[in-house]
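# Understanding the architecture of this molecule
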Amino acid sequence: MGYGNVNVALGIAGQQLKKAGIDNPKAKQLYAALMGGTVTNCATNTSTELTGILVLRASDQGWGRIANTLELSVNEAM
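A brief structural summary. (Residues numbered from 1 in each chain as written. Predicted model: local features only at pLDDT ≥ 70, side-chain atom pairs only at ≥ 80, totals over all residues. Heavy atoms only, no water.)

### Topic: the pairing of strand β1 (residues 37-41)
Burial along β1 is one-sided: the residues G37, V39 and N41 are buried and none of T38 and T40 is. Pairing analysis gives five bridges linking β1 to strand β2 (residues 46-50), with the strands arranged antiparallel. Within β2, the position partnered with V39 by the bridge is T48. Between β1 and β2, which pair antiparallel one after the other, the connecting turn spans four residues, and N45 there sits at a positive phi close to 55°. (Buried < 20%, exposed > 50% of the residue type's maximum accessible area, 1.4 Å probe, protein only. Helix = DSSP H or I, 4+ residues; strand = E, 2+ residues; numbered from the N terminus. Pairing = 2+ DSSP bridges.)

### Thoughts on the nonpolar core
Within the largest apolar cluster, 19 residues are counted, with the highest numbers of intra-cluster contacts made by I12, V39, I53 and W63. Looking at this core, the elements with two or more residues in it are α1 (3-19), α2 (27-35), α3 (53-58) and α4 (63-69). Sorting elements by how many residues they give to this core places α1 first, with five residues. (Core = buried A, V, L, I, M, F, W, Y, C linked by side-chain atoms within 4.5 Å.)

### Observations concerning α1
With 17 residues, α1 extends 24 Å between its outermost C-alpha atoms, agreeing within 8% with the 24 Å of an ideal straight helix rising 1.5 Å per residue. Along α1, the residues that are buried comprise V8, A9, G11, I12, A13, Q15, Q16 and L17. (Expected span 1.5 Å × (residues − 1).)

### Comments concerning a nonpolar patch on the surface
Among the surface-exposed residues, M1, V6 and L10 lie close enough to one another that they form a single nonpolar patch of about 280 Å² accessible area. If you trace the backbone, M1 turns up in the segment before α1. M1 sits in the exposed class, given a relative accessible area of 63%. (Patch = residues over 30% accessible without salt bridge, like charges linked within 9 Å, V, L, I, M, F, W, Y side chains within 5 Å. Areas by Shrake-Rupley, 256 points an atom, 1.4 Å probe, with all protein chains shown as cover. Salt bridge = Lys/Arg side-chain N within 4 Å of Asp/Glu carboxyl O.)

In structure tokens:
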């Protein structure tokens, strides 16, 4: 994966985590956004199951489709 793709993946991961109420993610939370898993918002004590962005990308989905599936925006990710 080139730098541009890494940048988009991290941008979408950040959006996904913000949507879950996590503004300053820890490494494990970022990992969950990229590979799939559960994150917990400590302020509200709510858990969110995240679909792994890189898992979706590995299944030959483009960034636009991934963002659309997660109800996010590629433009905001960049």
